[in-house]
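Listed below are the residues making up each chain.
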Amino acid sequence: MAALRGADVLARSLQRAGVGRVFSLSGNHVMSVYDAVHDAGPGIVHVRHEAAAVHMADAWGRLTGQPGVALLTGGPGHANGVSALYTALASESPLVLLSGEAPIGQRHKGAFQEMRQGEMAAPVVKAAFCAQSARTLGEDFARAWRQAKFGRPGPVYLGLPSDVLEAKVDDGERAVPAAEAFAVGSIPLGDAAARAVLAELAGARRPLVLAGPAMAIDPGRAALLALARATGVPALCMESPRGVNDPALGALARILAQADLVVLLGKRLDYTLRFGQPPAMRPDCRLLVLDPEPEALRQAGFVLGDPARIALAALASPFEAAAQLARLARAAHPGWREEVEAALRERPGAAQAPGDGPVHPAELGRAVQAEIERAREAVLVVDGGEFGQWAQACVSAPTRIINGPAGAIGSALPFAIAAKLARPAASVFAMLGDGTFGLHMAEFDTAVRSKLPFVAVVGNDSCWNAEHQIQLRTYGRERAYGCELLPTRYDRVVTALGGHGEQVERAADLAGALSRAAGSRLPACVNVLIERVAAPMVPA
Ligand SMILES: Cc1ncc(C[n+]2csc(CCOP(=O)(O)OP(=O)(O)O)c2C)c(N)n1
């Protein structure tokens, strides 16, 4: 039987898991893996910044349900990727980060780029560990894969010392795990607990089901819709860093303040729900906590400070629990679901009339919506900042991914590139502010090289406006300082990198520019000069 290097075992294990692409930036420690995938294993999308590779793996995980895989080099390469793990962690997105590490044989001797990489990743992953031998590397990868998917999904870090990658294993094929090693079970909600939940729902007047970001994916939204239909109880997903002020959830804050029972379906009781305290929630609002992690059940009582408000706490995978409840339910609560759905559709400011000056973000939103509706299949990607909130309020698509509860800006361009890879038939639109565009604009080169067209719509107000708005609100106009940007031609940056670029200064020119960009079959940027306005807000 043939001997294989650890790198070959890894490449074949990736293949066995069904990984078609890894998102990577090269470096000394992992060149053996590049060599190994040349023969067997996934293709490589080679990016321009390590954080972009991690963001791409994150989007891949959200769109396919299978962990996205990022492959980085050791030391500074790994460090560059770490901050993007936080976005995946907060969005509960399954991901495996593989980073090369200094050889085990040189550890503590001052090896090139030696760094405590697992410790560096630990606060922003579900688990972090390091491969110890070529023979067990395949099993390590399968373990990382299962951990990324199981329970509350999230990122897992596996370190790859370069001497482990280069070591030979006799009979190497046997070190590649069987397909079953990548299978993941789930945690069912028992029938008794399900009936108890349904009895509580039946006894409540204004119940709500709130799901966590793990369900903000196509099958999750479908499961929540089925649950709402079966129970008559509004069931929605919270994934915005603005929590109850999520611009895509209209008057959620008003509705939540009326609820007498809230089911947390894998949804953490955290800042997004104002910790369950009045006035965001009624002091007598009871909670049912269904979560795949025992720690989250304990945490809810701690955060609330009043365990008596928790009527029931049970371990369950949210998908399983939603299906189980829908199967056993009988619809009730006539009128309440309709009232909630109407409130969630409220969009103050969205009907903004066209003016003569710079384009209002709501107008831009309407133009993008029209383009999305023309597409046979569309994915909408939205980043943060004030423009991101307008986009989330005014634009929708059957599949949408946003920066998520982490509240970090910068993921939209990498997300869009991975989205085109995950959904080749879809038209992909990314909406982001001009400040945010700068974080990963070099990824247009990745998109051009990899032939992954999408349309980036930049709301260009020459400002880090979200922070500028904080200055206006908190310190006053005369003390607004340091958040100005230039009206840069980001469209020309994209043209220079080989893509399609357009600048739009008047609302009348939006439709033409967007449709040319979508039709260009190139990675495209429509740079729109917009009004500098605060995010939309539903009055309390
Ligand atoms: C990684 C990261 N850095 C900084 C911030 C703080 N931040 C949030 S929104 C924002 C401004 C974004 O500006 P832009 O993309 O131009 O959008 P605008 O708010 O102007 O519409 C900043 C700096 C953050 N959330 N994440």
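Okay, so let's go over this structure. (Residues numbered from 1 in each chain as written. Predicted model: local features only at pLDDT ≥ 70, side-chain atom pairs only at ≥ 80, totals over all residues. Heavy atoms only, no water.)

### Considering the overall build of the chain
Definition in use: Helix and strand assignments follow DSSP, with helices taken as H or I runs no shorter than four residues and strands as E runs no shorter than two, numbered in order from the N terminus. Our radius of gyration looks at C-alpha atoms and nothing else; its globule reference is 2.2 Å times the residue count to the power 0.38. Throughout, a residue-residue contact means that at least one pair of heavy atoms, one from each residue, lies within 4.5 Å. All accessible-area figures derive from a Shrake-Rupley calculation using a 1.4 Å probe, and residue coverage is judged against the displayed protein chains alone.
Along the backbone of the chain there are 21 helices and 19 strands. For the chain, whose C-alpha radius of gyration is 24 Å, the value lies close to the compact-globule estimate of 24 Å for 540 residues. Expressed as lengths along the three principal axes of its C-alpha atoms, the size of the chain is roughly 70 × 60 × 45 Å. A separation of at least 24 residues holds for 78% of the contacts in the chain among residues at least 6 apart in sequence. With an accessible surface of roughly 21,400 Å², the chain has 54% of that area assigned to carbon and sulfur atoms.

### A short note on the environment of E295
Rules: Polar contact criterion, stated in full: a pair of N or O atoms within 3.5 Å, where within protein one must be able to donate a hydrogen and the other to accept it, and residues adjacent in sequence count only if both atoms are side-chain atoms.
Summarising the element assignment, E295 is placed in helix α11 (residues 294–304). Once the C-alpha coordinates of E295 and Y271 are considered, the two residues, 24 residues apart in sequence, prove to be 17 Å apart. A polar contact is formed between the side chain of E295 and the side chain of R298, at a distance of 3.0 Å.

### Considering the environment of A321
Structurally, A321 is set in helix α12 (residues 318–328). Separated by 55 residues in sequence, A321 and G266 have C-alpha atoms that sit 9.5 Å apart. Residues in contact with A321, not counting those within four places in the same chain, are L189, L265, L290 and A316.

### Details of the sheet that holds strand β18 (residues 500–504)
How we decide: Each pair of strands is called paired provided DSSP finds at least two bridges between the two strands. Axis angles are defined between N-to-C directions and span 0 to 180 degrees, where every axis is a line fitted to C-alpha atoms and, for a helix, only to the segment in contact.
Strand order in the open sheet made by the six strands is β15-β14-β16-β17-β19-β18, with parallel pairing throughout. Only two strands of the sheet have a single partner each, and these edge strands are β15 (399–402) and β18. Each strand of the sheet is rotated relative to its neighbour by a mean of 15 degrees, with strand direction disregarded. Pairing analysis gives six bridges linking strand β17 (residues 455–460) to strand β19 (residues 524–529), with the strands arranged parallel.

### Description of the site of the ligand
To keep it simple, the criterion reads: Throughout this document, a residue counts as near a molecule or strand when at least one of its heavy atoms sits within 4 Å of that molecule or strand.
In the vicinity of the ligand lie 16 residues, with F387, G407, G435, T436 and N465 positioned nearest. A distance of 3.2 Å separates an oxygen atom of the ligand from a polar atom in the side chain of D461. A distance of 2.8 Å separates an oxygen atom of the ligand from a polar backbone atom of N465. Protein chains bury 75% of the 590 Å² of accessible surface belonging to the ligand in isolation. Contributing elements (two or more residues each) for the shell around the ligand: α15 (385–394), α17 (434–437) and α19 (465–475).

### Let's talk about the pairing of β15
Convention followed: For each residue, the accessible area found with a 1.4 Å probe, counting protein chains only, is set against the maximum for its type, and the residue is called buried under 20%, exposed over 50%, and partly exposed in between. When the strands point away from the viewer, a crossover counts as right-handed if the path from the first strand over the helix to the second runs clockwise.
By the alternation rule, side chains of β15 split into T399 and I401 and R400 and I402, which are all buried. Note that strand β14 (residues 378–382) and β15 share four bridges and pair parallel. Residue V382 lies in a different strand from β15, and its bridge partner there is I402. Between the parallel pair β14 and β15, the chain is carried across by α15, and the sense of this crossover is right-handed.

### Here we look at a nonpolar patch on the surface
Where we set the bar: Residues with no salt bridge and a relative accessible area higher than 30% make up the patches, which join like charges within 9 Å and nonpolar side chains (Val, Leu, Ile, Met, Phe, Trp, Tyr) within 5 Å. Just to be clear on terms, a salt bridge is a Lys or Arg side-chain nitrogen sitting within 4 Å of an Asp or Glu carboxyl oxygen.
There is a patch of nonpolar side chains on the surface, built from I409, L439 and W464 and spanning about 240 Å² of accessible area. Looking at the element boundaries, L439 is found in the loop between α17 and α18 (443–449).

### Focus: helix α4 (residues 76–90)
Note the following rule: What is called the bend at a residue is the angle between a pair of axes, fitted to the seven residues leading up to and ending at it and to the seven starting from it.
Within α4, the axis deviates most sharply at S83, by approximately 35 degrees. Within the span of α4, buried status applies to G77, H78, G81, V82, A84, L85, T87 and A88. Lining the buried residues of α4 we find α3 (50–64), β4 (68–72), β5 (95–101), α5 (117–121), β7 (155–161) and α16 (412–422). Phi turns positive one or two residues past the end of α4, at E92, with a value near 55 degrees.

### Notes on unusual backbone geometry
P278 connects to P279 through a cis peptide bond whose omega is 5 degrees. Relative to the assigned elements, P279 resides in the loop between β11 (261–265) and β12 (286–291). If you check the backbone angles, Q113 has positive phi at about 55 degrees while not being a glycine. Structurally, the position occupied by Q113 is in the loop between β5 and α5. The backbone of K451 shows a phi angle near 55 degrees, a positive value even though the residue is not glycine. Inspection of the secondary structure assignment puts K451 in the loop between α18 and β17. When its relative accessible area of 67% is taken as the criterion, K451 is described as exposed.

### A closer look at the packing of aromatic side chains
Worth spelling out the cut-off: For Phe, Tyr and Trp, rings pair up if their centres lie within 6.5 Å, where Trp contributes its six-membered ring, and each pair is then called stacked (planes under 30 degrees apart), edge-to-face (over 60) or tilted (otherwise).
Across all of its chains, the model carries seven aromatic pairs by this definition. Centre to centre, the rings of W145 and F182 are 6.0 Å apart; their planes meet at 90 degrees, and the pair counts as edge-to-face. Taken together, the residues W145 in helix α6 (residues 134–149) and F182 in the loop between β8 (168–169) and α8 (191–203) connect sequence positions 37 residues apart. Grouping residues by exposure puts W145 and F182 together as buried. Relative to F454, the ring of F444 has its centre 5.2 Å away and its plane inclined at 25 degrees; by these criteria the two rings are stacked.

So yeah, pure geometry; function would need other evidence.
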